[in-house]
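Here is how the chains run, residue by residue.
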Amino acid sequence: MSVHSEIKRVTTETLRKMKFEKEKITMLTAYDFTTAKMVDAGGVDTILIGDSAANVMAGFETTLPITLDHMIYHTQSVVRGVARALVIADLPFGTYQSNPDLALESAVRMMKEGGAHAIKIEGGKEISKSIKKIINAGIPIMGHLGLTPQSIYQFGTYKVRAKEEAEAEKLISDAKLLEELGCFGVVLEKIPADLAKRVSESITIPTIGIGAGPHCDGQVLVYHDMVGMNKDFSPKFLRRYLDLYTEITGAVSQYVKDVKSAEFPNQNESY
C-alpha cells in the first residue's frame, strides 16, 4: 500500500517518508476555495498557494507586485477548501530577503492569519539567516532553487538555469545548505534534468520539480496551466490535461446565444 493511500492528512513527515519509499509526490497550485476543494478531492498530496497568483489571478506580468496581504487572503480561501493535502504558501517578494526579523514576522502572519501549514521561499545561501530564524520559530520551510521568479529582473530571462557548471555547483551547494538549515523540501525550477537528478540524490529531503525533468521526488504545475485555462502559456514542461479555455468560452457563447434568443430560461427553469 502506498504512503499516499495510508494517510488522512499529509504532513512534512509524510513527504519525507514518500521520498524514502520512492513514491512520487504530487503538487498543484490553488488560489481559491472552490479550486482547492476540487484539487484536494482529486488526491493531490500538496497544494501550493504560489505567488503566481499575481500572474493567473491578477494579470500582472511578474510575481513581484503581489503583497503579503494578498497572499494571506488567497491562503485563507484555500485552507477552507482542503481536508487532506499539505498547504504550502509562498512568501512574496520583499517580505523575507534582507531582514530576518521581517522574514519571521511575515512567516508568522502567513501561519496565524493565512492558516498555512508551511511556507515556501526562494533562494539559498543569500537568505540563510532568514531561513534559520523562521525554522527556529517552528515554522516549516520549503526552499526554491533554479529559476526563482522573484529574481526575474536580475536574471533578465525565464530560460533554463544552471546549465554552466559553476551555477550548477552553487545550486547543489545551496540545496545541501537548505537541508542543513532544516528545510523539509525544495522546489527545483527550470534546470537540466541531469542536474535535478544529482540534487535529488545528494539530499535526503524531497525535491519537487517544475521543468526539471523526471528524476525529482515530485512534480508541481500551476493549476490554470494544467487544465488549459491559460492558452497563451506553453512552455516545454507543461502537459495540458484539459482544454478549459475552449470549453468555457464555448459555454459562455452558448449562454449568450440562449439568453439573446429567449431560449433561457425555459418553462422548466422558471417558478
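Attention here is on the structure that accompanies the text. Remember, it's a predicted structure, so these values are computed and weren't measured experimentally.

1. Notes on unusual backbone geometry
Item 1. In the segment running from Phe 264 into Pro 265, the intervening peptide bond is cis, with an omega of 0 degrees.
Item 2. Take Pro 265: it is sitting in the segment after helix H12 (244-260).
Item 3. Residues other than glycine seldom take positive phi values, yet Ala 262 does so here, at roughly 65 degrees.
Item 4. Secondary-structure assignment places Ala 262 in the segment after H12.

2. Focus on the environment of Lys 133
Item 1. For Lys 133, the location among the structural elements is in helix H7 (residues 128-136).
Item 2. Put simply, Lys 133 and Ile 119 are 14 residues apart on the chain and 13 Å apart in space, counted from C-alpha to C-alpha.
Item 3. Contact partners of Lys 133, with chain neighbours within four places excluded, come to Pro 100, Asp 101 and Leu 104.
Item 4. A polar contact of 2.7 Å, which involves the side chain of Lys 133, links it to the side chain of Asp 101.

3. Some thoughts on the pairing of strand E6 (residues 185-189)
Working note: regular strand, side chains alternate between the two faces of the sheet.
Item 1. Of all 5 residues making up E6, 5 are buried, and the element is well covered by its neighbours.
Item 2. By the alternation rule, side chains of E6 split into Gly 185, Val 187 and Glu 189 and Val 186 and Leu 188, which are all buried.
Item 3. Note that E6 and strand E7 (residues 207-210) share 4 bridges and pair parallel. Following the sheet pairing, Leu 188 is matched in E7 by Gly 209.

4. What to know about the nonpolar core
Item 1. The biggest cluster of nonpolar side chains holds 59 residues, and the ones touching the most others in it are Met 110, Ile 119, Ile 131 and Leu 188.
Item 2. Looking at which element gives the most residues to this core, the answer is helix H9 (residues 165-181), with 6 residues.
Item 3. Apart from the residues lying within four places of it in its own chain, the contact partners of Met 110 are Leu 68, Met 71, Ile 72, Thr 75, Ala 89, Asp 90, Leu 91, Gly 115, Ala 116 and Ile 119.

5. Here we look at the pattern of salt bridges
Item 1. Taken as a whole and judged by the stated rule, the model has 14 salt bridges.
Item 2. The partner of Arg 84 in a salt bridge is Asp 45, and the shortest N-O contact between them spans 3.5 Å. Here the residue Arg 84 occupies a position in the loop between helix H5 (68-79) and strand E3 (86-90), and Asp 45 occupies one in the loop between helix H3 (33-41) and strand E2 (46-49), the gap between them amounting to 39 residues.
Item 3. Look at Arg 84 and you get buried, because its relative accessible area is 13%.
Item 4. Owing to a relative accessible area of 1%, Asp 45 belongs among the buried residues under this scheme.
Item 5. With a shortest N-O distance of 2.7 Å, Asp 69 and Arg 109 are connected by a salt bridge. Residue Asp 69 is located in helix H5, and its partner Arg 109 is located in helix H6 (residues 100-114); the two are separated by 40 residues in the primary sequence.
Item 6. Assessed through its relative accessible area of 48%, Asp 69 is described here as partly exposed.
Item 7. Several salt bridges share partner residues, and in doing so they unite Asp 69, Arg 109 and Glu 113 into one network.

6. Re the side chain of His 144
Item 1. Its location among the elements puts His 144 in strand E5 (residues 141-146).
Item 2. One polar contact links His 144 to Lys 120, side chain to side chain, over a distance of 2.7 Å.

7. Thoughts on the pairing of strand E1 (residues 25-29)
Item 1. Among the 5 residues in E1, 4 count as buried, and that is most of the element.
Item 2. Of the pairings in the sheet, the one linking E1 to strand E8 (residues 218-221) comprises 4 bridges and is parallel in character. Paired with Met 27 across the bridge in E8 is Val 220.
Item 3. Two elements, E1 and E2, share 3 bridges in a ladder whose sense is parallel. Pairing of Thr 29 across the sheet is with Leu 48, part of E2.

Rules behind the numbers
Residues numbered from 1 in each chain as written. Predicted model: local features only at pLDDT ≥ 70, side-chain atom pairs only at ≥ 80, totals over all residues. Heavy atoms only, no water. Helix = DSSP H or I, 4+ residues; strand = E, 2+ residues; numbered from the N terminus. Contact = heavy atoms within 4.5 Å. Polar contact = N/O pair within 3.5 Å; in protein donor to acceptor, adjacent residues only side chain to side chain. Buried < 20%, exposed > 50% of the residue type's maximum accessible area, 1.4 Å probe, protein only. Pairing = 2+ DSSP bridges. Core = buried A, V, L, I, M, F, W, Y, C linked by side-chain atoms within 4.5 Å. Salt bridge = Lys/Arg side-chain N within 4 Å of Asp/Glu carboxyl O.

Don't take any of this as a statement about function, it's just geometry.
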